[in-house]
Amino acid sequence: MNVKIYLSSKLVEHCTFCQLFGVIEVQRDEIRFAVLDSKLLPGTYLIGEICSESDYRRLQEADPATTNRDILLQEENFLRLSISDRGRIKHVTTKVKGVTIETLNKVLIIYDEKGFSNLAENQLQVDENDNDLLHLARLIKSSKPHRNSAVQDLLAYAAGCRMAMGMAYLMRPLVAVLRIFLRKTALFYHFSEWCDSIRSKGFEGAKWALLFDIGFGVAVLSLVLYFGNPGVHFMQYAELVVHYLRELLQTLRGSPIGLKLNAPLNDFFLNCFLYHVDLWWTFLIIVSPAIHFLFIPLSILGLFGLSFQLAMLSDLIILISLHAHCFYIYAAVLYRIEIGGIRALCRIVLGKKKNVLRDRVESHEYMNRQLFLATMTFAVLLFLLPTILVYYVVFATLRFAIYCVSFALMTVRRMILQFPFDGMIRWLRRTYTNLDSMEIYNIGSYSKENITIIYIAPRSSSFWGSLSWSNQRTTPTSTEGDVDGSGGKERIVRPMAMGTISIGQFFASLVRGEMVPFIQPDESVHLKVE
């Protein structure tokens, strides 16, 4: 078993004889004394003292039976350091539950408090790698007294006043109604993610993210006010997509690129989908004034941030492309029936069948008339496959392109929420530190007392190399239940991992002909959780 002692550098530099406050952690293979300050801090307690070399010898030679203080120390965990007149550490004595540990190896780690305070400003999660230095930084962060800024005090006062509580009570029915109608929109999903991000980052980390987000949104609002409403160009691009889709369907008549399509089935599909495309064109003409008007609140949302503008833009794209999703559903149903029929008939030709009860493929002997009927049906489906496959590829490609645009907008929104703007500001101030920028010096050792003294100081490092982007997010989910057995219900918060279906996974599902039930990427997250 080893003994690790973390001592703040300011206590050694000042060379003052004082009491030590911190935390003692007794583990299976080591004991940690984390000295945080010379005064009592939140979450700390008295764990030791720094004394002169003469006081140390006097206390070591004194009779414990005549010293009430040493009797108390024999029953508690305690640390005693002696410093010479020149500021050098001469002796280190540790007591754990009244037993003086002299034979164990002691590692005295003198850490730079300023550097570890900067390291503690990072978002240090508990589930990170089990590192003693990260744990020390978390202890330093938790022991600092929390001070509310003027903005926090103002917001707390506004939230606690009676007028605000009355307005919140009156707005509750309206919020419930809006939640019913906006529950499947990207704006609603983004608002929930935005609230989770604010809670997880805290005020210090969230204020810079809000400032940059609102700054980008106001910049977009200024561009809209300067250049005019972009809704006209937006609808022009939508109408252009419909025009090119109609021309593409017209080219499928006959034998496109040499494909021998089934003429009756091709004419039926062509007339059916052209009719639906005309309905899409009529729908765009009808909703065009509404789309032009919706760009006004989209621009005003810049006062809340660019991420809210991107969320509403994603909803507008889904609104005008709803018919494309219906086209894909029609083609996907035909494609699944075709592929499923060919797969089942292939098993019949091979003399096998699928046992639904046992969920496996087994051998089976078919009669001649069954094989004849299966062969005829297989030939019909095989010759109809190119016609169905062509239309499925066209509308699956259109559906894939819309999903890519929505996925790109969602990725930008989440990057704005996840980007550590507070870390970037500290990097600009040259106060950003991480574990890769540690400076470690071996000051010396005392073989007589098995003491090794090490100095560790985090230095300013590169901020951009530590960035990591992921579409995975963790959001709390709450349940109610009887936790303590007293009959009362307590609200329990459990973490739930949530992830978005990537573009590659979405493309693979299209190739397999799976029915994609969601319209936008945000909805896929909640469907996966449910």
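Scroll up a little and you will see the structure.
Rules and cut-offs
Residues numbered from 1 in each chain as written. Predicted model: local features only at pLDDT ≥ 70, side-chain atom pairs only at ≥ 80, totals over all residues. Heavy atoms only, no water. Helix = DSSP H or I, 4+ residues; strand = E, 2+ residues; numbered from the N terminus. Buried < 20%, exposed > 50% of the residue type's maximum accessible area, 1.4 Å probe, protein only. Areas by Shrake-Rupley, 256 points an atom, 1.4 Å probe, with all protein chains shown as cover. Salt bridge = Lys/Arg side-chain N within 4 Å of Asp/Glu carboxyl O. Expected span 1.5 Å × (residues − 1). Contact = heavy atoms within 4.5 Å.

A. The overall build of the chain, seen in detail. The number of helices and strands found in the chain is 16 helices and 14 strands. Residues counted as buried form 40% of the 530 residues belonging to the chain. Only carbon and sulfur atoms are counted for the fraction: they give 62% of the accessible area of the chain, which is about 30,800 Å².

B. Up close: the pattern of salt bridges. One pass over the full model with this rule turns up 5 salt bridges. Of the charged contacts, one joins Arg 32 and Glu 25 as a salt bridge, the two residues approaching to 3.7 Å between their closest N and O atoms. Accessibility assignment for this pair places Arg 32 and Glu 25 in one class, buried. Arg 414 is the partner of Glu 193 in a salt bridge, and the nearest nitrogen-oxygen pair spans 2.9 Å. Here Arg 414 lies in helix 13 (residues 368–418) and Glu 193 lies in helix 8 (residues 186–227), a separation of 221 residues in the sequence. By relative accessible area, which is 6% here, Glu 193 ends up buried. Its relative accessible area of 3% is what places Arg 414 among the buried residues.

C. Examining helix 12 (residues 322–349) more closely. The terminal C-alpha atoms of helix 12, which comprises 28 residues, lie 41 Å apart, in line with the 40 Å expected from a rise of 1.5 Å per residue. If you follow the buried residues of helix 12, they end up packed against helix 9 (231–251), helix 10 (263–300), strand 9 (352–355), helix 13 and helix 15 (503–511). Following helix 12 by one or two positions, Gly 351 adopts a phi angle in the positive range, close to 75 degrees.

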